[in-house]
Amino acid sequence: MTELQKHPFRPMTANPSDSSRTPTRRQLLGAAGAAGIAGIAGCADDSSTEEQTFEVGHGEYQQTVSSADFPEELFIYAVQTGWSNWDAVMEAFDDEFGLPLFDDQRTSGEALSDIRANAGNQDYSAYNGFYPVGLEAWDEGFTTDYKPAGWDQVPDAVKTDDGHVTATRQMTVAINYRRDVYDDRGLEEPETWEDLKDPAIAQDLAINVPGAGAGLNAMLSINHAYGGDLDNLDPLFDYLGDLADGGAEHRRNLDQQFTAGEISTYVEFDFGGLSTKFNDDDIPEEDVGVVIPQAPGGGEGAVTAPYGYAMLEDAPNPDAAKLFMDFVLSLDVQELFFDGFVRPIRADELEAPEEFPPDEQYEAATFGIDQVELLEKQSDIVEEILDRSPLPNVEA
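Here goes a summary of the coordinates provided.

So, how was this worked out
Residues numbered from 1 in each chain as written. Predicted model: local features only at pLDDT ≥ 70, side-chain atom pairs only at ≥ 80, totals over all residues. Heavy atoms only, no water. Helix = DSSP H or I, 4+ residues; strand = E, 2+ residues; numbered from the N terminus. Expected span 1.5 Å × (residues − 1). Buried < 20%, exposed > 50% of the residue type's maximum accessible area, 1.4 Å probe, protein only. Salt bridge = Lys/Arg side-chain N within 4 Å of Asp/Glu carboxyl O. Axes fitted to C-alpha atoms, helices over the stretch in contact; angles between N-to-C directions. Parallel < 35°, antiparallel > 145°, perpendicular 65-115°, else oblique. Contact = heavy atoms within 4.5 Å. Nonpolar A, V, L, I, M, F, W, Y, C, P; charged D, E, K, R; others polar.

Things to note about helix α3 (residues 86–97)
Taking 1.5 Å per residue, 12 residues should reach 16 Å; α3 reaches 16 Å between its end C-alpha atoms and fits that length. What α3 keeps buried is the set Trp86, Ala88, Val89, Met90, Ala92, Phe93, Glu96 and Phe97. Looking at the residues trailing α3, positive phi occurs at glycine 98, about 65°.

This is how it looks when you write it as structure tokens:
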């Protein structure tokens, strides 16, 4: 197999009013990125009927796998079009290896439920999704060990030492706001969580529900910013009480309500705001702002939430799954996550696209949570938020 070619597209900064400019990232991705994907994965051997071998794995897991052992279609949980730029990754994988991926439209939680229901009779070869849910599968004995090529470049905090669960990408809690509405109200761009207490902002502000990963991580960010931890949520509820006085609520489907003008500010992952800004034709790019929030006095205020994968115990097609896992963690494919407004886990080795908030915001504000500790305490944390949140419409 020849080395993957470097993905050629880089963001352009031409004047948006110039109709003759180079197409924007939105236009290229909106067209499925066909030309770009051909650039990164156009080196597949046309002799697809011939057996090919590939070297995979890191360290003691290095081995040779053969295309003769690949299925007609590979099933990996929650690898799906419409999320995290999996569209581009799926197409690149098929182009490179002639192995299509099943479009699995389900959430991380739904994937875990299916893993439990089908243990011992599994059609899927690996779990993919929210990292803490992968840890649940690991804790319940549904995963097996495999360290893909590039495993040594993944931060220790977001991979298990035994090679069962490995992060591949990450999303960071962000404040997404309507610049046009803020301008009309004479408001400055928010920089810290304290700024959201302004009644002119809180009046139509929304935070997702605690049962959603974005909602839970937003509230854990707030709690940390005001001095709390996983054993003390009092700072969170004090803060939410101030927001409730101004009119803020818990809501779902925040991006839709945001573009419709029902809310002017919402707390979500950076992926959500950036996708709305650059991929949603219902709202002009210049009307959407995305900020990584700091604590009131500056410093850590935004959780970085990992997503990743895990091989499943006794699952079919393990060799094909290993090839997929290596592929996803390669730098060329990691850059495809950047193209879809998702920060890859190996982001430090790549140049972030200009569409993202400045690196300085991430460096100043982000922090991680011990994912194993969160796994142990998450159910109790969600229940406490359901019992104590002063914002209307709290639900799982």
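Regarding the pattern of salt bridges
Considering all chains together, one arrives at 18 salt bridges under this definition. The partner of aspartate 156 in a salt bridge is lysine 159, and the shortest N-O contact between them spans 3.6 Å. Given a relative accessible area of 61%, aspartate 156 falls into the exposed group. Note that aspartate 234 and arginine 388 form a salt bridge whose closest N and O atoms lie 3.0 Å from each other. One end of the pair, aspartate 234, is in helix α9 (residues 234–246); the other, arginine 388, is in helix α15 (residues 371–388), and 154 residues separate them in sequence. Overlapping salt bridges, with partners in common, bring together Asp104, Arg106 and Asp114 in one network.

Overview of the packing of helix α8 (residues 213–225) against α15
Two numbers describe how α8 lies on α15: the axes approach to 12 Å, and their chain directions differ by 90°. Comparing the axis directions of α8 and α15 gives the class roughly perpendicular. Contacts from Leu216, Met219 and Leu220 in α8 reach Leu374, Gln378, Ile381, Val382 and Ile385 in α15. Among the residues forming the contact of α8 with α15, the class breakdown is seven nonpolar, one polar and no charged.

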